[in-house]
Amino acid sequence: MQSTFVPSWENDSPAWYPNVPAVMWSTKQGQPIQMQTGPLSNGFGIARQGCTYMEKWNGWKCPNRFYNRLVIENMDNDREIRRMSPVAITSEGYTNLVNGCMDHGWCFSYTCLKRLMTFWSVVKNNSTNVVHFTGTNPQGMRLHLPNAALEDKTIIKIYYQAPLRLQVFVGSTFVEDMNRLDGKNKEQLVRDGRLSSNNVAGGYTQQLVDVTHICNIGGTAEEAYKCMSPSNTHGSNRFNRDEGMLEIVVARHSSENFIEIKSMPVVQVSMGVSTSVEDFYTIKDTFLSSLSAVLGIDFSRITIVDVVAGNARRRSQSRNLLSSNSRSLLQASTTVVNFEVEPSPLIGITTATTTVLEDVGYITVVVVRSVNINGMCGVLFSVSNRSSDNATPNVNFVAATGLLQFKSQEETKYITVQILNATGYTPDVSRLTVTIHDAENATLGGTLSIKIYVENVHMPSPDPPTLAATGTTAAGVMLQWSRAVWSTAPLAKYNETRSWQIACSSDGVSLNVTEAPASVLTSFLGGLSAYVPVVCRARADAEGWSSWSSWSSPMYTLAICGDGSRQGQEECDDGNAVSGDGCADCVVDVGFACSVAAGGDICSNGCRNGTKEEEEMCDDGNAIIGDGCDTKCEVESGFLCAATVHPTIPNAVHSNCSVPCGDGLRVQNQEECDDGNALDNDGCSSSCTVDSGFTCVASADQASICQKCGNGILEGSELCDDAAVSDACVLCSSVKTGWRCSGVVCAAGPTQLPEAPVLGFEGENTMQAQWVASNGYGLPIIKYSIQIFNTTSTELFRIMNVSNLV
């Protein structure tokens, strides 16, 4: 936005300049500069020739003159704590002193000493403005001309005292010095015959920045084709070595196309060689090659800046801050070669970690080259799983290696990593690493590897289907299932079931896959025979299918009583519905025994007569329960019935039942214990009696679980067992008040710190604090100590001791 108003806050006395940056007071040789006839010839403030002071405005009215705001932004990491102000901006004999912005967000103690080193000034359009910093210039800075009109431009000259190579960018695009080509001085390239001359003498004349002409050579407007790059566009720049000035055209620009200046430190060397200037260029390549070998650096990092004839004399010129600087030439019989040694490019990765979802497809790792962007360089990279990673190549990602080659002036390269969408849920985040190594014509620096964390997007598999309480028939089973719980889903959509698939098989034969919408949690699977086993599994679709659940336990269709096939819970099935024949409603009649036969069970009423017949499992000749052979002539659980010769009936067999010790089936009133082995001293002896000091517990028809309190082993139903190290574990079944036990270790006191209080305002000057009481394990909490801090200063405000709160 243009303005014709110039604010007034300056002291107009040209003799008053104690705050002017010291670099403006004298030349590089220490000769004083007359401020009154140079930078302060018109006084302090903004260029305002032809303007009228308006007392009521406290400013100047400047008709037919337009101004814009210039922003100089320090980009160094210490920009809040290192002062470089005031900054002097000089134009047309006026010098404006600009200070940095104070941080008024923190005004306690030392924090108000911080100043953000961003400087705002008003500059006149189509003018030249020279910038001097107090102290060392920033290593990186940005220039903005916000809200400028389409035709607005200005030239900014920034003084640099230290030897630096300055790299100018418009946004992220490098704009090379107009008098350099791929980092080399054009004047030297012309002398080498590698570039055409731009003047009638066959040499090279410096191209200058300009706000008007597209091609300015040595101060003269020329045809556009004579300049390899324009003189007057946003970002056009050159470094004036005589004055130590970086000259840049700043014009109207979008918010992202600011001017950015990055400093590259260089070593400047002057060396005398015993040859003429003309002869030097015939041996120049040999000279540079030898110099490269001596210094141990790459040939491309040495740039000849100037070659001075041997009969030149050392002389000094007073420098005008706006136009020229002193220059020293050596009086000698040798030719003086001035050259610069550039630092090695620095290559690194922009970030150390990143997290993505496994369905992202591809991610891009950004590798940047900094410090020196001239010349070609490269670096090797690898995409792999290191020893600390758990990602699997070709399952979670595609492993890769390669070479990144940076062209001259190319700053950024990209490594594309393919992430594979592995089927199935896993609770672990997959990790892989991208590494750069073995740099060529460059140095590795900063971050050299990035850890990529890949989060699973597949819903956990549901539990296997089960048999519903109702609905199962002899021709099919009624299945039911439930939703999987995924509380840690990365996004809600990955936890929203859209549909189900149920896959089943019977006797190894796969059945059709059933599909159901998300709202349905039951399904009838029909077309089956009576009492056939079915196993099923399920999976859910939520932005992709989950893994299949495990196979269910066998589920059976119902048996058909009277079909002549004993199945399921049927005690017998003789193929008919006749009562009194030993099998009624598939239940064995009292006094009968039934055996399986083709076409139906065969039943007889000889059960309990003491003679074991073919259809009987046993027959001990009585109706006593618990002696091994029950009233239906079937062997009772935990018993073993052996067939022996009948004592009185020839060719007949009698059952003799006994309890085998060590089979893992404890028979009440017959065995004290049975742990399923024949070992002694493990709680249950080889004779199924309880070992001394042990107790054994078991339900009927189950193996015994034995335990011994005080042996330091958590066994059976023991709540704790610390081998009597403390008295906290009482009889291995309870914990003493005030203690807590975790297995075999007991300790006293609360288990954890109380949670942070929740504060709320009760009134204008009162607050209420609430929190959850800690578990004292039976001991009362004596008191809580509450500390209240001022969050804006971390100052401790108050301590309160509170008792008897829950």
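Residues numbered from 1 in each chain as written. Predicted model: local features only at pLDDT ≥ 70, side-chain atom pairs only at ≥ 80, totals over all residues. Heavy atoms only, no water.

Asker: Before we go on, may I ask you to explain the overall build of the protein chain in this structure?
Answerer: Helices and strands together make up the secondary structure of the protein chain, namely two helices and 58 strands. Of the contacts formed within the protein chain by residues at least 6 apart in sequence, a portion of 58% connects residues at least 24 apart. For the protein chain, the accessible surface area stands at approximately 41900 Å², while carbon and sulfur atoms represent 52% of it. (Helix = DSSP H or I, 4+ residues; strand = E, 2+ residues; numbered from the N terminus. Contact = heavy atoms within 4.5 Å. Areas by Shrake-Rupley, 256 points an atom, 1.4 Å probe, with all protein chains shown as cover.)

Asker: Would you mind going over the confidence of the model for the protein chain with me for this structure?
Answerer: Regions with low pLDDT carry predicted coordinates that are not meant to be interpreted in detail. Across the protein chain, the average pLDDT comes to 84, with 87% of residues at 70 or higher. Note that pLDDT drops below 50 for residues 8–15; the model gives that stretch 19 contacts with residues more than four away or on any other chain. Segment residues 312–332 is flagged for pLDDT under 50; beyond a separation of four residues in sequence, or across chains, it makes 57 contacts in the model. (pLDDT = per-residue confidence, 0-100.)

Asker: What's the story with the sheet that holds strand S20 (residues 237–240) in this structure? I'm lost.
Answerer: To summarise the sheet geometry, strands pair through backbone hydrogen bonds and adopt either a parallel or an antiparallel arrangement. The strand order across the open sheet formed by seven strands is S2-S7-S6-S11-S13-S21-S20, and the pairing between neighbours is mixed. Of all strands in the sheet, those bounded by a partner on one side alone are strand S2 (43–44) and S20. As paired strands, strand S6 (residues 87–91) and strand S7 (residues 94–98) are joined by five bridges and run antiparallel to one another. Directly across from Thr90, in S7, lies its bridge partner Thr95. (Pairing = 2+ DSSP bridges.)

Asker: Where do I start with the pairing of strand S14 (residues 164–170) in this structure?
Answerer: Put simply, side chains in a regular strand alternate between the two faces of the sheet. Of all seven residues in S14, seven are buried; the element is thus mostly enclosed. Burial along S14 is two-sided: the residues Leu164, Leu166, Val168 and Val170 and Arg165, Gln167 and Phe169 are all buried. Relative to strand S22 (residues 259–265), S14 is paired through seven bridges, and the arrangement is antiparallel. Paired with Leu166 across the two strands is Ser263, which belongs to S22. In this sheet, strand S15 (residues 173–175) lies alongside S14 in antiparallel orientation, the contact comprising three bridges. (Buried < 20%, exposed > 50% of the residue type's maximum accessible area, 1.4 Å probe, protein only.)

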